[in-house]
Amino acid sequence: MSAKEGTDEGPLSRNRDFVILWVGGAVSELGTSMSQLVFPIIGYAITHSTVQAGLATTGLVLGEVVLRLPAGALVDRVARSRVLLVTNLAAAAVYGSLAVAVLAGHLTLAHLVAAGFLSGAADAFAAPATSATVRTIVPTTQLPLAYTRLEARTRAVHLVGPPLGGALYSLARPVPFLVDAVSYAAEALAITRLRTPLPAPIRERRSIVADIGEGLRFVWDHVGVRAMMVWGGLINLTGGFAFVAVTLRLIQAGTRPAAIGLVETAAAFAGLIGALIAPLIISRAPTGLTAICLTLINAALLVPLAWTTNVVATGALLAAGTFLIPANNAGISAYMVSVVPDELQGRVNSAAGFISNGLAPLGPVLAGVALAALGGGALILGAALTAATVVPLVASQTIRSLGRPDTWAAEGVDSA
């Protein structure tokens, strides 16, 4: 089934299935935003080591990266609704196990890392299934708007989730994990209410290895997509590095978990404002230029973070760096999903995700090591690495000339 064509379906707000998907995801993301804040905090509480605390966060990313490629091939073989239902129930069980372990006083670093890995593995299946679902239930012309709404959802829940997670953790350590388990179960329930059929695409069945290869070839054979994903791999590495370095610096400075949550709230608020005006940015600013500007702005903003652990200053700097992220993410996501055939959605999404997230597991570990060796200087290193990630974007003529959504069809996706 391909994406709906035209706009005769009416406003996106009246698209029942999109609203259900949006609300279910909002509940789940709220729980996740609370629990993921807790991962490095509780990891440090268990080990008193920045390096090992970084490992706790690495598990989240590693699980998604390791299983991303086979997950995409399987998503293109199974009904997307079934994939979303099973992955959400599995994630609920994983976070429920963490809540029980903390409550019993037996949580170990190994359990925390394993749970993060399994949670990331569930996301490896859920991400391509969700992308394919959005393409099925949303008209093609409304895809950029749909992705800005999804970005707004993410920013809104991150406005509430981190401070709430920090406060709940301060009140009772198992609560953020318990809430996340319930939130995944709620999203699973929402998936059962979708009316649009979400079957597996009808296509020739081949080996999983061949399917994975086809997804990777699609990404690599198109220079614009390839440049985006290579840049994504580098920026996700430096982004994870910076996030964990900032969080651990605040922890070392004695900042309370609730206050750390407020730092993330400031960034989330800026992201929410950015998401609300993202449709305007996407419609007026070239998509390629937005990615280049975002990279250089974030590199510059990391520099002053090397000299402060003040909560207000840190929150303000992170907020400034977050403002353009929603427009950038929504533009790239809409571009990708609009140019990929339905029968390749899972495989291409997973191949792109594998490339763009392949280095991300190194970010938290490198942050812990760099922080132990360099202190605040770790963020100077992070700034230099972030600035360097712009190279694949500016080196690609396709990205430099990639315009607004109304020009995508004319520009196409250039093959290498």
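Only a predicted model underlies this, so the values are computations on that prediction, with no experimental measurement involved.

Rules used throughout
Residues numbered from 1 in each chain as written. Predicted model: local features only at pLDDT ≥ 70, side-chain atom pairs only at ≥ 80, totals over all residues. Heavy atoms only, no water. Core = buried A, V, L, I, M, F, W, Y, C linked by side-chain atoms within 4.5 Å. Buried < 20%, exposed > 50% of the residue type's maximum accessible area, 1.4 Å probe, protein only. Helix = DSSP H or I, 4+ residues; strand = E, 2+ residues; numbered from the N terminus. Contact = heavy atoms within 4.5 Å. Axes fitted to C-alpha atoms, helices over the stretch in contact; angles between N-to-C directions. Parallel < 35°, antiparallel > 145°, perpendicular 65-115°, else oblique. Nonpolar A, V, L, I, M, F, W, Y, C, P; charged D, E, K, R; others polar. Patch = residues over 30% accessible without salt bridge, like charges linked within 9 Å, V, L, I, M, F, W, Y side chains within 5 Å. Areas by Shrake-Rupley, 256 points an atom, 1.4 Å probe, with all protein chains shown as cover. Salt bridge = Lys/Arg side-chain N within 4 Å of Asp/Glu carboxyl O.

Draft legend 1. Seen up close, the nonpolar core. Ranked by size, the top nonpolar core spans 55 residues in total, and within it V138, Y147, V219 and M229 carry the most contacts. When residues of this core are assigned to their parent elements, the largest contribution, seven residues, is made by helix α13 (residues 325-339). Core analysis: the second largest hydrophobic core is formed by 46 residues, L98, L107, A245 and L250 among them.

Draft legend 2. Local environment of the side chain of S396. Mapped onto the secondary structure, S396 falls in the loop between α17 (391-394) and α18 (397-400). Accessibility expressed as a relative area gives 9% for S396, which makes it buried. Excluding anything up to four places from it in sequence, S396 contacts V223 and A227.

Draft legend 3. Quick peek at the packing of helix α7 (residues 208-221) against helix α8 (residues 223-252). Relative to each other, α7 and α8 sit at 100 degrees, their axes nearing to 5 Å. By the criterion of interaxial angle, the relationship of α7 to α8 is roughly perpendicular. Listed contacts from α8 to V219, W220 and D221 of α7 are V223, V225, R226, M229 and V230. Counted by class, the contact of α7 with α8 contains six nonpolar, no polar and two charged residues.

Draft legend 4. Local environment of a nonpolar patch on the surface. A cluster of nonpolar residues, F269, I273, L276, I277, L280 and F323, forms a patch on the protein surface that exposes about 520 Å² of accessible area. A total of three residues in the nonpolar patch trace back to one element, the largest contributor, which is helix α9 (residues 257-276).

Draft legend 5. Main features of the pattern of salt bridges. Evaluation of the coordinates by the stated rule reveals three salt bridges. Among the ionic pairs, R155 bridges to E151, the shortest N-O distance being 3.3 Å. Taken as a pair, R155 and E151 lie in helix α5 (residues 143-171) at a separation of four residues, close to a single helical turn. Of the two residues, R155 and E151, both sit in the buried class.

Everything listed is a geometric property; what it means functionally is a separate question.
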